[in-house]
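So the chains spell out like this:
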Amino acid sequence: MAAIGKIIDLRKLLAERFPHPSAAAATRLMTGLSFLDQCIGGGLPRGAITELISPRTSAGSASLIYALLHAAYCDKYFLALIDGRDSFDPCGLNNASLRHLLWVRCLKGSEGIKAADLLLRDANFPLVIIDLMLNSPEELRKIPQTNWYRLQRLVELAPTVCLVLTRYEMVDSAQLKLVLESSWNLETLEKQNAISQLRITVKRSHFRAEVGSRRRRIS
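No experiment lies behind these values; they were computed from the predicted model shown. (Residues numbered from 1 in each chain as written. Predicted model: local features only at pLDDT ≥ 70, side-chain atom pairs only at ≥ 80, totals over all residues. Heavy atoms only, no water.)

Observations regarding the nonpolar core
In step 1: Grouped together as the largest cluster of nonpolar side chains are 35 residues, with contacts concentrated most on Phe 35, Ile 40, Leu 68, Leu 79, Leu 127, Ile 129 and Leu 178.
In step 2: When residues of this core are traced back to their parent elements, those giving at least two are helix H2 (34-37), strand E3 (48-53), helix H3 (61-75), strand E4 (79-83), strand E6 (127-131), strand E7 (161-166), strand E8 (176-180) and strand E9 (200-205).
In step 3: Among the elements that take part in this core, H3 stands out by supplying seven residues, more than any other.
In step 4: Residues in contact with Leu 68, not counting those within four places in the same chain, are Thr 31, Leu 33, Tyr 77, Leu 79, Leu 127, Ile 129 and Leu 163.
In step 5: Membership of the second largest hydrophobic core comes to 27 residues, among which are Ala 80, Leu 132, Val 155 and Met 170. (Core = buried A, V, L, I, M, F, W, Y, C linked by side-chain atoms within 4.5 Å. Buried < 20%, exposed > 50% of the residue type's maximum accessible area, 1.4 Å probe, protein only. Helix = DSSP H or I, 4+ residues; strand = E, 2+ residues; numbered from the N terminus. Contact = heavy atoms within 4.5 Å.)

A word on empty space enclosed by the protein
In step 1: Taken as a whole and judged by the stated rule, the model has one cavity of 30 Å³ or more.
In step 2: The space that makes up the largest cavity amounts to roughly 30 Å³.
In step 3: Classifying every residue of the lining of the largest cavity gives seven nonpolar, no polar and no charged. (1 Å grid on protein atoms, 1.4 Å probe; cavity = no way out; pocket = protein on both sides within 12 Å on 5 of 7 lines; lining within 4 Å. Points joined across faces, edges and corners; volume = space filled by probe spheres on them. Nonpolar A, V, L, I, M, F, W, Y, C, P; charged D, E, K, R; others polar.)

Let's talk about the environment of Leu 151
In step 1: Secondary-structure assignment places Leu 151 in helix H7 (residues 145-155).
In step 2: The class of Leu 151 is buried, set by a relative accessible area of 0%.
In step 3: Considered as a pair, Leu 151 and Ala 116 are 35 residues apart in the sequence and their alpha carbons are 7.5 Å apart.
In step 4: Among residues more than four places away in sequence, those in contact with Leu 151 are Ile 49, Ile 113, Ala 116, Asp 117, Leu 120 and Ile 130.

So, the pattern of salt bridges
In step 1: In the structure shown here, the tally under the stated rule is six salt bridges.
In step 2: Here Asp 117 and Arg 121 are joined by a salt bridge, their closest N and O atoms 2.5 Å apart. In this pair, Asp 117 and Arg 121 are both assigned in helix H5 (residues 109-122), four residues apart and thus about one turn of the helix distant.
In step 3: In this structure, Glu 169 and Lys 203 form a salt bridge, with 3.8 Å as the shortest nitrogen-oxygen distance. Of this pair, Glu 169 sits in the loop between E7 and E8 while Lys 203 sits in strand E9; the two residues are 34 residues apart in sequence, bridging distant segments of the chain.
In step 4: Salt bridges linked by common partners bring Glu 51, Glu 169, Lys 177 and Lys 203 together as one network. (Salt bridge = Lys/Arg side-chain N within 4 Å of Asp/Glu carboxyl O.)

What about the pairing of E6?
In step 1: Where burial is concerned, most of E6 is hidden: five out of the five residues are buried.
In step 2: Along E6, one buried face is formed by Leu 127, Ile 129 and Asp 131 and the opposite face, lined by Val 128 and Ile 130, is buried too.
In step 3: Relative to E6, E4 is paired through five bridges, and the arrangement is parallel. Bridge pairing in E6 places Ile 82 opposite Ile 130.
In step 4: Sheet topology note: the E6/E7 ladder contains five bridges and is parallel. Bridge pairing in E7 links Val 128 to Cys 162. (Pairing = 2+ DSSP bridges.)

Some points on the packing of aromatic side chains
In step 1: For the structure on display, the rule yields two aromatic pairs.
In step 2: Look at Tyr 66 and Phe 88: their rings are 5.6 Å apart centre to centre, the planes differ by 55°, and that puts the pair in the tilted class. Residue Tyr 66 is located in helix H3, and its partner Phe 88 is located in the loop between E4 and helix H4 (95-98); the two are separated by 22 residues in the primary sequence.
In step 3: For Tyr 66, a relative accessible area of 25% puts it in the partly exposed group.
In step 4: Taking the relative accessible area as the measure of exposure, Phe 88 reaches 11% and is therefore buried.
In step 5: Centroid distance Phe 88 to Trp 103: 5.3 Å. Interplanar angle 75°. Geometry classified as edge-to-face. Of this pair, Phe 88 sits in the loop between E4 and H4 while Trp 103 sits in strand E5 (residues 101-105), and the two are 15 residues apart along the sequence. (Phe/Tyr/Trp six-rings, centres within 6.5 Å; stacked < 30°, edge-to-face > 60°.)

What follows is the structure, encoded as C-alpha cells:
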C-alpha cells in the first residue's frame, strides 16, 4: 500500500509540474529538424511508438537527443527522457533548455519500461524518449513483447510521441521504425550544423499514405 501511495503522489506532482497539454488536432509532432521531419512525412507520429535503431557506434543518437530537447525549448513543450543506463550528459545545455526536461535516470531497461508506463498514463509530455542504446542486448531481450504492446495501448490514448532508441530492432508494436545510419567522428562534430549530417532511413511504417511506400533517405 505504501508503494501505491507513492505512485499516486508522484502522479500528482507530475500533473502540477508539467500541466497536461491542450488537445491538438495535429497527428504529428514537428521536430524542426528538416532531415527528420521530411523523411517521415512531417514529424513524429502522435499516439504511436517510433523505434529508432542505431546499430553502429558513434552514430549521433546523443546529438539527436540534444537537438530534440532544443526543439522542445523553442516550441515551449516538455520532454521526458527515460535514460536506460544513466548515461545522459547534460553538460553543454543551458538552464533554459533543461527546464523543459524531465530526466528519469535508470540502471536497467526494465526500470525504463516501468517509468514509461507511468509517464504515458499521465500524458503530461508531448514527447517521451526511452533511451536504451547502452543497455546490453542480453538485458533487453528479457523485456517481454507484451510490455511494448501495453505501452502502445497507453500512448494511443494521448497526443504523445513515444520514441524508443535501441541498438537493434526489438519493439514489435512500433508503428514506425527508423534506422540511424550515420558514423560520426571528431571531424563531424566540429562541423557547423553537424546535426544535419545525420542519415535516417525508414525501415517500416504504418503511415504509408504520408511517408510513401518506398524507403527514403535524407543525407
